[in-house]
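The chain contents come next:
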Amino acid sequence: MLEIHNLSISFQRNRASFDRETLSVVSDISLSVQPGEIVALIGASGAGKSLVAHALLGLLPANATMSGEFIFKGKRLSPAGIQELRGREIALIPQSVTHLNPLTRVGKQVYRSARLSGRCADTAHTSCDRTFARYQLADTVKSMYPFQISRGMARRVLTATATAGNANLIIADEPTTGLDPEVSEQSLAHLKELATQGKGVVLITHDLENGVQIADTLVVLYEGMTVEITPARALEENDLIMHPYTRSLWQALPRNGFMSLPPTPSSSTLNRNGCLFAERCPQARPGCRQSAPSLRRVNHKLVRCNHVAG
Ligand SMILES: Nc1ncnc2c1ncn2[C@@H]1O[C@H](COP(=O)(O)OP(=O)(O)OP(=O)(O)O)[C@@H](O)[C@H]1O
Ligand code: SF4
Ligand SMILES: [Mg+2]
């Protein structure tokens, strides 16, 4: 359904010396999502997860430069094509609740997006009611403005907005942040249900547990690069984790002992000639700081580490 090929994103930044520098924040990311598949994009804050979603939807800020290509249902997406599909075929549950229109009642926003994605007036109303009920939003909330509802409610309204329609691909950017555990479980279960109906889902999360719980495939990002692409069940069933960073995320889960890594070095001191994870990697060797690993296929997975053997 969706293929992303070699996506790279950079920003121009002014320096104190009045010249400009290019800051590379996403490098050469490729992934694909099939109908009925949930792909989880996993990584720490700043890894580039939201930028991947924003690039796909044509929402990057003006100072961003992007290369790479998107193929949706077999066709290469042009910027105009992206505008055409956004909200209709591809729906975003954005990370920030500021994406709600502050001047429009929330019920109207959910209804509108159901209409935009192809539902007729009647089914849009029914679907709107159903999604409100599913996310435990009382009918009275429909007539409220975004400033009158809590952040948790706003997040549920955003999820309702993206899922009330007929979109074939749902991009859910940290959809459970700020939700209580019960609603968070329901939100993940709903994404799973949408996938069962044949929709493609990209779940963006810093929480590996969420990914393992519902995703088919995990794409693990570190400093804007893919370090591992693996079936999610490989972690749960066999603990077959290849990349040391994925392993450290796994070991940091409460059920695996909360083991933590040394802090991330600042991006200005990061050695970009070698492996970006080298300063924190428990398996690092001297050579890791000299040569940057490339993404390679090992045992049907993709992994970016010089020292993983098949
Ligand atoms: N407009 C911008 N100008 C310059 N740098 C930016 C801009 N937007 C994002 N970045 C940088 O790009 C990197 C990736 O940002 P992104 O928002 O994709 O991270 P993320 O993985 O979604 O993090 P989080 O989990 O905190 O949401 C960050 O280091 C961020 O500082
Ligand atoms: S290349 Fe070296 S530093 Fe990088 S992940 Fe592999 S072992 Fe660790
Ligand atoms: Mg983000």
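Report follows, based on the coordinates. These numbers come from a predicted model, not from an experiment.

## Looking at the nonpolar core
Ranked by internal contacts, the top residues of the largest apolar core, which has 54 residues, are Ile-170, Leu-191, Leu-203, Leu-208 and Leu-218. In terms of residues, this core owes the most to one element, helix α5 (residues 151-163), which gives five residues. Beyond its immediate chain neighbours, meaning those up to four positions away, Leu-208 contacts Ile-42, Leu-218, Leu-235, Thr-246, Leu-249, Trp-250 and Leu-253. Membership of the second largest hydrophobic core comes to 35 residues, among which are Ala-55, Ile-82, Leu-85 and Ile-171.

## Side note on the packing of aromatic side chains
With the rule as written, the count across this model stands at four aromatic pairs. Ring centres of Tyr-145 and Phe-147 lie 6.3 Å apart, and the angle between their planes is 15°; on these two criteria the pair is classed as stacked. Centroid distance Tyr-245 to Phe-277: 5.3 Å. Interplanar angle 70°. Geometry classified as edge-to-face. Of this pair, Tyr-245 sits in helix α9 (residues 244-251) while Phe-277 sits in the loop between α9 and β11 (296-298), placing them 32 residues apart in sequence. Overall, the relative accessible area of 2% leaves Phe-277 in the buried class.

## Description of the coordination of the magnesium ion (ligand 3)
Only Ser-50 (OG) and Gln-95 (OE1) from the protein reach the magnesium ion (ligand 3) as donors, at distances of 2.0 to 2.1 Å. Separated by 45 residues along the polypeptide, Ser-50 in helix α1 (residues 49-56) and Gln-95 in the loop between β6 (90-93) and α3 (106-116) bring together distant segments of the chain. On the basis of relative accessible area, Gln-95 is assigned to the partly exposed category, the value being 40%.

## Structural notes on the site of ligand 2
The local shell around ligand 2 consists of His-243, Pro-244, Cys-275, Ala-278, Cys-281, Gln-283, Ala-284, Cys-288, Pro-293, Cys-305, Asn-306 and His-307. Residues that form the shell around ligand 2 fall into these classes: eight nonpolar, four polar and no charged.

## Digging into the sheet that holds strand β3 (residues 38-42)
An order of β6-β7-β8-β3-β9-β10-β12-β11 is seen for the eight strands of this open sheet, with the pairing classed as mixed. Each end of this open sheet is capped by a strand with a single partner; those strands are β6 and β11. Recorded for the sheet is a direction-independent mean angle of 20° between the axes of neighbouring strands. Each of β6 and β7 (169-173) is contacted by α5, which is oriented at about 175° to β6, the strand it contacts most.

## Looking at the environment of Arg-297
When you line up the elements, Arg-297 lands in strand β11. A relative accessible area of 59% places Arg-297 in the exposed class. Separated by 69 residues in sequence, Arg-297 and Glu-228 have C-alpha atoms that sit 9.7 Å apart.

So, how was this worked out
Residues numbered from 1 in each chain as written. Chains lettered and ligands numbered in written order. Predicted model: local features only at pLDDT ≥ 70, side-chain atom pairs only at ≥ 80, totals over all residues. Heavy atoms only, no water. Core = buried A, V, L, I, M, F, W, Y, C linked by side-chain atoms within 4.5 Å. Buried < 20%, exposed > 50% of the residue type's maximum accessible area, 1.4 Å probe, protein only. Helix = DSSP H or I, 4+ residues; strand = E, 2+ residues; numbered from the N terminus. Contact = heavy atoms within 4.5 Å. Phe/Tyr/Trp six-rings, centres within 6.5 Å; stacked < 30°, edge-to-face > 60°. Donors = N, O, S within 2.8 Å, 3.2 Å for Na, K, Ca; no water. Near = heavy atom within 4 Å. Nonpolar A, V, L, I, M, F, W, Y, C, P; charged D, E, K, R; others polar. Pairing = 2+ DSSP bridges. Axes fitted to C-alpha atoms, helices over the stretch in contact; angles between N-to-C directions.

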